[in-house]
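This is what each chain is made of:
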Amino acid sequence: MLKILTLPNPKLRQKTKKVLKVDKRIERIIKEMKMILEKSESPKGIGLAAPQLGIPLRIILVRFGKTIVPFINPEITAVDGEIIEGFEGCLSVPGIYGYIKRPAIIHLKFLSNYRFDEKGVSSHTTYYILHTTPLGSLSARVIQHEVDHLNGILFVDRILEQKSKFYKIIGKDKDGKEVFEEVKLNL
Ligand code: QAP
Ligand code: CO
């Protein structure tokens, strides 16, 4: 059973290779990644990249509601829309969060066994199909975060580069909402 690697594991920084053929081995890796992402509840994991399991391949998984969708060899071909700030966390940097600016819309080329329409994921397909699709909202942010993993970049690097701040949860308020406090990290 594979487990999620955490900072400062050097495998999170390793170079990844494109998938040349979606064979049994790749299908097994995707199945394993899916099980691990499904298991990461409270707080729910919404994205996972193969290097987080020590696998140096260009594969990411993103949760769309209760569907977990694989993206093989994802390539951001263009960005669009405004640059917006959003709150991020990472299963490889547990307990740490922060605001990062990213483009609102990306155009993504990838292989997947799911179809997409203007509303998002539509249906499952028997084969892996090459797609080129514009994606917005949370999925655009999650995919940019996951593609960063494929290039050995972690969200904490983006926080440092954007001179943003790190936060951790210090407790919950009376409505059960998390209370955050700024933390200084020596990375
Ligand atoms: C990437 O990250 C992401 O610290 C996916 O203790 C997240 O699923 C991109 C998680 C937000 C954009 C916005 C983090 C779980 C999950 C933690 C995740 C933790 C438990 C992170
Ligand atoms: Co991450």
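Below or above, wherever it landed, is the structure these notes cover. In this text the structure is predicted, and so the values were computed from the model without any measurement.

### Comments concerning the overall build of the protein
Scanning the protein from terminus to terminus reveals 3 helices and 7 strands. When the helices and strands of the protein are listed from N to C terminus, the series reads α-β-β-β-β-β-α-α-β-β. Over its C-alpha atoms the protein spans a radius of gyration of 16 Å, differing by no more than 12% from the 16 Å that the globule rule assigns to 187 residues. By principal-axis analysis of the C-alpha atoms, the protein measures approximately 45 × 35 × 35 Å. The buried share among the 187 residues of the protein stands at 44%.

### Looking at the pairing of strand β5 (residues 120–135)
Sheet topology note: the strand β4 (residues 96–117)/β5 ladder contains 10 bridges and is antiparallel. Residue pairing across strands places leucine 111 opposite leucine 130, the latter belonging to β5. Connecting β4 to the antiparallel partner β5 that follows it, the hairpin turn spans 2 residues.

### What to know about the site of ligand 1
In the vicinity of ligand 1 lie 18 residues, with Pro43, Ile46, Gly89, Leu91 and Gly95 positioned nearest. A distance of 2.6 Å is found between an oxygen atom of ligand 1 and a backbone nitrogen or oxygen belonging to isoleucine 46. Glycine 47 is positioned with one of its backbone polar atoms (N or O) 3.5 Å from an oxygen atom of ligand 1. Coverage of ligand 1 by the protein chains reaches 89% of its 500 Å² of free accessible surface. Using a 2 Å cut-off from the grid points, one finds that ligand 1 occupies the largest pocket. Listed by contribution, the elements that provide at least two residues to the shell around ligand 1 are β3 (67–89) and α2 (137–150). Of all the elements, α2 adds the most residues to the shell around ligand 1, at 4 residues. Partitioning the shell around ligand 1 into residue classes produces 9 nonpolar, 5 polar and 4 charged.

### Focus: the coordination of the cobalt ion (ligand 2)
Those donors, Cys90 (SG), His145 (NE2) and His149 (NE2), are the protein atoms that reach the cobalt ion (ligand 2), and they lie 2.1 to 2.3 Å from it. Coordination of the cobalt ion (ligand 2) draws on donor residues from a single chain, spaced C-x54-H-x3-H in sequence. Of this pair, cysteine 90 sits in the loop between β3 and β4 while histidine 145 sits in helix α2, placing them 55 residues apart in sequence. Accessibility expressed as a relative area gives 10% for cysteine 90, which makes it buried.

Rules behind the numbers
- Residues numbered from 1 in each chain as written.
- Chains lettered and ligands numbered in written order.
- Predicted model: local features only at pLDDT ≥ 70, side-chain atom pairs only at ≥ 80, totals over all residues.
- Heavy atoms only, no water.
- Helix = DSSP H or I, 4+ residues; strand = E, 2+ residues; numbered from the N terminus.
- Rg over C-alpha atoms; globule rule 2.2 N^0.38 Å.
- Buried < 20%, exposed > 50% of the residue type's maximum accessible area, 1.4 Å probe, protein only.
- Pairing = 2+ DSSP bridges.
- Near = heavy atom within 4 Å.
- Polar contact = N/O pair within 3.5 Å; in protein donor to acceptor, adjacent residues only side chain to side chain.
- Areas by Shrake-Rupley, 256 points an atom, 1.4 Å probe, with all protein chains shown as cover.
- 1 Å grid on protein atoms, 1.4 Å probe; cavity = no way out; pocket = protein on both sides within 12 Å on 5 of 7 lines; lining within 4 Å.
- Sits in = over half its atoms within 2 Å of the grid points.
- Nonpolar A, V, L, I, M, F, W, Y, C, P; charged D, E, K, R; others polar.
- Donors = N, O, S within 2.8 Å, 3.2 Å for Na, K, Ca; no water.

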